[in-house]
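Survey of secondary and tertiary structure
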Amino acid sequence: MIEVAKQEWERLFKEVLVAALRMTHTKDSMLVATHRDRAREATQRAFERCLRVRPAEVRSVDALRAYLVKAVRSELSHANDEQESRLEREGAAAVEQATVGGSVHTSAEVIHLDAARALRRRNRAALAIERLREELTAQSDAIALGTVDCIAAGKTEPADQAAFLKCSVEEIYAARKRRKRVLEKILDALDGGDKEDA
Amino acid sequence: MSRRHPEEILAVLEEQAAEDEARAIAKMSDAALDDELRRAGVDPEKALENVPAAPGAFAPAGSALLPADNAGKPSRAPRRRVRWSVAWTGAAAVAACLAIAFALSQKDDTREDAVAAHGRDPTREASELRDQAFAACDREEWALCQIHLDAAKRLDPRGEESARVVRARQAVHDALFPDASMPGQ
């Protein structure tokens, strides 16, 4: 793993913290402090994880930044999972405890809750992609729509997408920005105007 | 053409959005970053209080984020201190070895006379000494291990060729002179 100076490391910490704060941004004033704390904790854990894992493939500052941002996303999604399922798990634990003999098998409640959660995730994703396509078609944004089709077909690299869509890589990056804005609005609407479940 | 599931597509879209955002944040100035942190209710100075130590003391040459006068300079130099402590520990261990070996050699002279007088088998005694050496090695008492091995060698030089003795001597050497096998340090 690349070695960085303290000054550079602290700058990266601020950058990743800003990214985490943006990821957890909420319009609900009651939740602002909670989300800010989650962003700080996730950033702290991402940096600790980086030091613990010391990923060998990280050989540049850009790669390190990308790794840390991914780590923060992962930490936040774990935090979401934990927060979302705490009540459900508590309920499931109570049911298991009440079972005579303490069965080693997963209880029916837990299986149903897991299945329901997976179904909810699948439906949310399907709906989001469908609406994204509709919106980009309505805006006649062929390149942004093309990037979604490319990803569906397994082409994720901007250069590959540019070659396939017969445009420049810069146009692909510009289309990604437009696509991001549209997707954010759709996900906000799906999640009830909040990014809590994002 | 194999098609991805909506869940996978959404994951890629969100990942690319995060990458783009990170790139945009990287282009922000220090002041702009601090401003955004303050707007979010985070004190930039306090935020850095719990940052874990940086992975390494040196910045890569020509680093994009560092000012030119700081690039390549160490932000802290703990390694030199560690090397000195290792050197001092090694020197102390060697000195202890020599002192004890000298004391034992004085003892061995009288013991050799005793062996001759009592007719004890030197090979058997060497074997016992080597057992003690291996036990000392297991306890990581490297100096004692070396002393027993040396004493056994004087009684039974041919026993030195045993694989177990060779391994024990290597372990003692590695423990007492950790830097010796690493040229250039």
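Residues numbered from 1 in each chain as written. Chains lettered and ligands numbered in written order. Predicted model: local features only at pLDDT ≥ 70, side-chain atom pairs only at ≥ 80, totals over all residues.

**Overview of the interface of chain B and chain A**
In this assembly, 44 residues from chain B lie in contact with 46 residues from chain A. It is helix α1 (residues 6-26) of chain B that contributes the most residues to the side of chain B that touches chain A, 15 residues altogether. For the side of chain B that touches chain A, a count of residues per class yields 29 nonpolar, eight polar and seven charged. (Contact = placed C-beta atoms within 7 Å. Helix = DSSP H or I, 4+ residues; strand = E, 2+ residues; numbered from the N terminus. Nonpolar A, V, L, I, M, F, W, Y, C, P; charged D, E, K, R; others polar.)

**A word on the nonpolar core**
Burial of nonpolar side chains together is a common tendency in soluble globular proteins. Within the largest apolar cluster, 27 residues are counted, with the highest numbers of intra-cluster contacts made by V16, L17, A19, A20, A46, L68 and V72 of chain A. Of all elements in the fold, only α1 (6-23), α2 (32-53) and α3 (61-98) of chain A together with α1 of chain B reach the threshold of two or more residues within this core. In terms of residues, this core owes the most to one element, α1 of chain A, which gives ten residues. If sequence neighbours within four positions are ignored, L68 of chain A has contacts with L12, V16, A46, F47 and C50 of chain A. (Core = buried A, V, L, I, M, F, W, Y, C linked by C-beta atoms within 7 Å. Buried ≥ 20, exposed ≤ 12 C-beta atoms within 10 Å, placed from the backbone.)

**Some points on the environment of A17 of chain B**
Looking at the element boundaries, A17 of chain B is found in helix α1. Those residues in contact with A17 of chain B, other than ones at most four positions away along the chain, are K180 and L183 of chain A.

**Here's the deal with helix α5 (residues 122-138) of chain B**
Residue and element names in this part refer to chain B. Taking 1.5 Å as the rise per residue, α5 with 17 residues should run 24 Å; its terminal C-alpha atoms sit 24 Å apart, in good agreement. Where the residues of α5 are buried, they touch α6 (142-155) and α7 (163-176). At the exit of α5 stands E140, carrying a positive phi of roughly 65°. (Expected span 1.5 Å × (residues − 1).)

**Considering the confidence of the model for chain B**
Residues and elements named next belong to chain B. In the predicted model, chain B carries a mean pLDDT of 75, and 69% of its residues have values of at least 70. Here helix α4 (residues 78-118) stands out as the element of chain B with the lowest mean pLDDT, 64, in contrast to helix α2 (residues 30-39), whose mean of 91 is the highest. Considering only residues more than four positions removed or in separate chains, one finds that residues 57-80, a stretch of pLDDT under 50, has 36 contacts. In the predicted assembly, ipTM is 0.75 and pTM is 0.54. (pLDDT = per-residue confidence, 0-100.)

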